[in-house]
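Each chain, letter by letter, is given below.
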Amino acid sequence: MFPSDENSESTESPICSAKGCRTPAVWVLAWNNPKLHTPQRRKTWLACEEHREHLSSFLDMRGFLKDVVRLTEWQDGARGSAADG
Ligand SMILES: [Zn+2]
């Protein structure tokens, strides 16, 4: 199952987005599909240590991957300014 509700605010600890994985996420993969999304838009996938590479390479292969940041940093700095690049 792929995440579809990027705006849902959960109070539980976020879980890795990889199919079938129940491990708490430690990474946020920020991506954008230029065919579907405006350039400023960021979709996010969450990943545990194990699946970070798998998920990020999946996105990178398609040219969708924009950013990989630690979940703690993402939660710290996500709200507000969008950095260039
Ligand atoms: Zn995982």
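Looking at an unreviewed UniProt entry, the protein carries the name Acetone carboxylase, with the source organism given as Streptomyces ovatisporus.

Asker: Looking at this structure, I do not really get the nonpolar core. What am I missing?
Answerer: Side chains of a nonpolar character, in soluble globular proteins, are inclined to be buried together. Counting 14 residues, the largest nonpolar core has Cys16, Ala25, Leu29, Trp45, Leu46 and Ala47 as the members making the most contacts within it. When contributions to this core are tallied by element, the ones reaching two or more residues are β1 (27-31) and β2 (43-47). Each residue touching Ala25, except ones within four places of it in the same chain, is listed here: Pro14, Ile15, Cys16, Leu46, Ala47, Cys48 and Leu71.

Asker: It is not clear to me how the sheet that holds strand β3 (residues 65-70) should be interpreted in this structure. Could you clarify?
Answerer: Backbone hydrogen bonds hold the strands of a sheet together, and the pairing may be parallel or antiparallel. Spatially, the three strands line up as an open sheet ordered β2-β1-β3, and their pairing is antiparallel. Strands with a single pairing partner mark the edges of an open sheet, and in this sheet they are β2 and β3. Strand-to-strand, the axes of this sheet are offset by a mean angle of 20 degrees, without reference to chain direction. Pairing between β1 and β2: five bridges, direction antiparallel. The residue of β2 that forms the bridge with Trp31 is Lys43.

Asker: Please clarify how the environment of Val28 should be interpreted in this entry.
Answerer: In this fold, Val28 is placed in strand β1. Measuring from C-alpha to C-alpha, the distance between Val28 and Arg70 comes to 5.9 Å, with 42 residues separating the pair along the chain. Here Val28 is in contact with Thr44, Leu46, Val69, Leu71 and Trp74, once residues within four sequence places are set aside.

Asker: In this structure, what is going on with the pairing of β1? I would like to understand it.
Answerer: A regular strand places its side chains on the two faces of the sheet in alternate fashion. Burial of β1 is extensive: four of the five residues sit out of reach of the surface. With five bridges connecting them, β1 and β3 associate as antiparallel partners. Bridge pairing links Trp31 to Leu65 in β3.

Cut-offs used in this document
- Residues numbered from 1 in each chain as written.
- Predicted model: local features only at pLDDT ≥ 70, side-chain atom pairs only at ≥ 80, totals over all residues.
- Core = buried A, V, L, I, M, F, W, Y, C linked by C-beta atoms within 7 Å.
- Buried ≥ 20, exposed ≤ 12 C-beta atoms within 10 Å, placed from the backbone.
- Helix = DSSP H or I, 4+ residues; strand = E, 2+ residues; numbered from the N terminus.
- Contact = placed C-beta atoms within 7 Å.
- Pairing = 2+ DSSP bridges.
- Axes fitted to C-alpha atoms, helices over the stretch in contact; angles between N-to-C directions.

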